[in-house]
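Single-letter residue listing:
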Amino acid sequence: MMRNRASSSGGSASGDNRGQSEVIEVGRRRSSCGYCKSSAHTSISYGLWANSLTVDDYQDLLDRGWRRSGCYLYKPEMDKTCCPQYTIRLKASDFVPSKEQQRVSKRMQRFLDGTLEVKESQKSLDNPITSKNLSGLVHSSTIASAVGEPLRLNTEEKNKDVQLLSYLSDQIVCAAHACIEHGEFPRDILLPKPSVKKVSLGKKKLLIEESEDLLFSSNISFQIKAAMMRRDRRHDIEGVGGCKEENEQLTAPELTVQAIAEKLVICMKKLSDASGLSARACNGHINFYATTKQGCSDVADIAMVRKESRGESKDIGGSMKKVSGGTPSKKKKLEIILKRSSFDPKEYDLYRKYQINVHNDAPDHVSESSYRRFLVDSPLVYIPSNGDNTVPRCGFGSFHQQYLVDGRLVAVGVIDILPKCLSSKYLFWDPDFAFLSLGKYSALQEIGCVRENQAHCPSLQYYYMGYYIHSCIKMRYKAAYRPSELLCPLRYQWFPYEAAKPLLDRKRFVILSDLHNLQTVESSTPKLSASQLEPPHDYTFQEESNDVPFDEDEEMSEVDSEDSDDESDPETSVLALPEFEDASVGNVKIGLKGSRLRYKDIQQALAPNQRSNLETTLRKYKKVVGEKLSQDMVLSLG
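Residues numbered from 1 in each chain as written. Predicted model: local features only at pLDDT ≥ 70, side-chain atom pairs only at ≥ 80, totals over all residues. Heavy atoms only, no water.

### Looking at the overall build of the protein
Of regular secondary structure, the protein possesses 19 helices and 23 strands. The buried share of the protein, reckoned over its 638 residues, is 50%. Of the contacts made within the protein by residues no fewer than 6 positions apart, 70% connect residues no fewer than 24 positions apart. For the protein, the accessible area works out to roughly 29200 Å², and carbon and sulfur atoms hold 51% of it. (Helix = DSSP H or I, 4+ residues; strand = E, 2+ residues; numbered from the N terminus. Buried < 20%, exposed > 50% of the residue type's maximum accessible area, 1.4 Å probe, protein only. Contact = heavy atoms within 4.5 Å. Areas by Shrake-Rupley, 256 points an atom, 1.4 Å probe, with all protein chains shown as cover.)

Structure (structure tokens):
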């Protein structure tokens, strides 16, 4: 494996001149939420456009809960937004990889050594399922089911089952979100991750009706019912009344597990046309049946599976060969190249392939201009290394970390390297290499990058993973990199994730630093049993095998949004200015007609109504960026 240091591209700041940050206020924005799939504008954040931004100022913004998407800076209004987003970080020197993370590294090493058997067919199986290969996967599972459990299927057949089970799980997730959208399920429940299992031949024999066509089953309805009951208990404990519309939604006692299953099945009515499977509700379970009987043509396929189970398989030419570990193939070379953020046609082609195949984006929505705005443009002022152990060799700024296998670009990590941290922004990868779990692998490499650079920049200690969203199942995987910390949204102190998790299980929004509040909750709140707080034993907080990339929906400028018409006083907000911050705005630095000055320098020259309006704007600005940054950054007023 090779790691090349940052290549030089674009201009750079000379010496250690870190420049001046200049921002333009956008104000509060409302948008639809990509996490809870709310169609209403329930995602609320505060926004700024940055003309330029020093790495020191951006580090301070991160430590106040901000993130960037291109040149747009945003911060969720944690006490108002539907899905609170907590900044999460990890101290690289304390990181302890889990067994799963170790397996990812070992698999990559076997792949590079040529000892990992990877067939083209296996690669395609790890790609997202399309209508072209879906019916084939169902056909294979039907054949495998017919031969019975005692037979050991080959690796390809197992991968087909895994791929199909993942697809069905995703369909259930989509159906559950549709039920929430239609008001069938409460909007504020924490949806569990569906578990879909293959029905064994032994269990089929215990059934009577149409058991020969039953392939898969899920108990998700029981899990959703339990989530609804936990939601009702949580509301009882918190005494939350909520709005009238939410109170009128169905509650747990009004929906049986069979009713929940039936509603999910209705939302999956198109499944049969795409996959050759039909979903039915049965005693609270969702069962998946083959829509066609096994024909006589399957007999030869079943016989072939039996032969494969004895260690034989048929190659393209029709001859038989023994299935074994195989001889090592040619070794491969992995290069990891860190380069300054700039447009690269090969990177853009890979990004299009990733977005279209993994996230099912429409091709005409993955434009070069949106890619540039999202992942290339950066307001950060680049700082080169100065050799005095205050800046790493690659410098500070925005970078693209390329992963190449034998010269082929397979993944790109978009990162910012700052005085205290490496901040991971986005990762896109080649779907042909999904079997390597490149999302997990790149995270491990980025953690390693922090450790390596500490020798040249001792202040660079942390790995920032973006936002942790406890109410969104797909975003909980970030807590798998341990020991991690969450940022308190009020006093901006860091707290261990393990200490915060029990509180987040009870409430979506928690002020982590309110120690008195936490102690009150711990001592006075009725304790829920482990079964009430935790999901079933087959549920996992880890990301799926194809990783969800960090900050997947951060391109806020691309989301339909509008300025908020909420005129509530920021001082009465739950997250009002902490007591130790000065409410005066005289020292706020502003830019006006090409000049940079303090507000107090022009305060007396303004008319009373102008002064009142401007001071309201400056107070809100100071509230969200903090006293120090309001004096360091320039707020451009035109």
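### Some words on the nonpolar core
The biggest cluster of nonpolar side chains holds 72 residues, and the ones touching the most others in it are L61, L73, I417, L486, Y621 and V625. Excluding residues within four positions of it along the chain, L73 makes contact with V23, Y46, G47, L48, A50, L53, Y58, L61, W66, R67 and R68. The next biggest cluster of nonpolar side chains, apart from the first, holds 35 residues, and it includes Y351, L404, W429 and A434. (Core = buried A, V, L, I, M, F, W, Y, C linked by side-chain atoms within 4.5 Å.)

### Here we look at the packing of helix α12 (residues 345-358) against helix α13 (residues 368-376)
Packing of α12 against α13 leaves a shortest axis separation of 11 Å and a crossing angle of 100°. Relative to α13, the element α12 lies roughly perpendicular. Seen from α12, the contacting residues are E347, Y348 and Y351; seen from α13, they are E368, Y371, F374 and L375. A class-by-class count of the residues in the contact of α12 with α13 yields five nonpolar, no polar and two charged. (Axes fitted to C-alpha atoms, helices over the stretch in contact; angles between N-to-C directions. Parallel < 35°, antiparallel > 145°, perpendicular 65-115°, else oblique. Nonpolar A, V, L, I, M, F, W, Y, C, P; charged D, E, K, R; others polar.)

### Things to note about the environment of I220
Mapped onto the secondary structure, I220 falls in helix α7 (residues 220-238). A residue is classified by how much of its surface remains accessible, and I220, at 2% relative accessible area, is buried. Residues I220 and P192, 28 residues apart in the sequence, show an inter-C-alpha distance of 7.8 Å. Other than its neighbours up to four places away in sequence, I220 contacts I172, P192, P194, L264 and I286.

### Some thoughts on the packing of aromatic side chains
Between two aromatic rings, the relevant description is the distance of the centres plus the angle of the planes. The final tally for this structure, using the stated rule, is 20 aromatic pairs. Measuring from centroid to centroid gives 6.3 Å for Y74 and Y467, while their planes differ by 65°, and the two rings are edge-to-face. Linking Y74 in strand β5 (residues 72-76) with Y467 in strand β17 (residues 462-468), this pair joins segments that are 393 residues apart in sequence. Residues F374 and Y426 carry aromatic rings whose centres are separated by 5.1 Å and whose planes lie at 70° to one another, so their mutual orientation is edge-to-face. One end of the pair, F374, is in helix α13; the other, Y426, is in strand β16 (residues 421-429), with 52 residues separating them in the sequence. The class of F374 is buried, set by a relative accessible area of 2%. (Phe/Tyr/Trp six-rings, centres within 6.5 Å; stacked < 30°, edge-to-face > 60°.)

### Focus on the pattern of salt bridges
Taken as a whole, this structure holds 19 salt bridges when the rule is applied. For K628, the salt bridge goes to D60, with nearest N and O atoms at 3.1 Å. One end of the pair, K628, is in helix α19 (residues 627-632); the other, D60, is in helix α1 (residues 55-62), with 568 residues separating them in the sequence. Using a relative accessible area of 51% as the deciding quantity, one classes K628 as exposed. Overall, D60 belongs to the partly exposed group, its relative accessible area being 21%. Here E184 ties to K263 by a salt bridge, and the two come within 2.7 Å at their closest N and O atoms. In this pair, E184 sits in the loop between α5 (155-181) and β7 (196-198) while K263 sits in helix α9 (residues 257-267), placing the two residues 79 residues apart along the sequence. (Salt bridge = Lys/Arg side-chain N within 4 Å of Asp/Glu carboxyl O.)

### Digging into the confidence of the model for the protein
As a note on interpretation, predicted positions should not be read in detail where pLDDT is low. Mean pLDDT for the protein: 77, with 68% of residues reaching 70 or above. Counting contacts from residues 120-128, a segment whose pLDDT is below 50, to residues more than four positions away or on other chains yields 25 contacts. Counted against residues more than four places away or in other chains, residues 146-153, with its pLDDT under 50, gives 14 contacts. (pLDDT = per-residue confidence, 0-100.)

### Structural notes on the side chain of S471
The topology assignment puts S471 in the loop between β17 and β18 (484-487). Assessed through its relative accessible area of 17%, S471 is described here as buried. With residues near it in sequence (within four places) discarded, S471 still touches C83, L190 and R508.

### Some words on the pairing of strand β22 (residues 595-598)
As defined by bridge partners, strand β21 (residues 589-592) adjoins β22 across four bridges and the pair is classed as antiparallel. Bridging from a neighbouring strand, I590 pairs with L597 of β22. In this structure, the hairpin formed by β21 and β22 is closed by a connection of two residues, where K593 is found at a positive phi of approximately 50°. (Pairing = 2+ DSSP bridges.)

### Considering the sheet that holds strand β10 (residues 285-290)
Spatially, the four strands line up as an open sheet ordered β7-β8-β10-β9, and their pairing is antiparallel. Sheet topology places β7 and β9 (277-282) at the edges, where each strand pairs with a single neighbour. Across the sheet, the mean angle separating the axes of adjacent strands is 30° when strand polarity is ignored. Where strand β8 (residues 214-218) meets β10, four bridges bridge the pair, whose relative direction is antiparallel.

### Overview of helix α15 (residues 497-506)
One turn of an α-helix holds 3.6 residues; hence residues three or four places apart share an orientation. With seven of its ten residues buried, α15 lies for the most part within the structure. Those residues of α15 that sit buried are Y497, A500, K501, L503, L504, D505 and R506.

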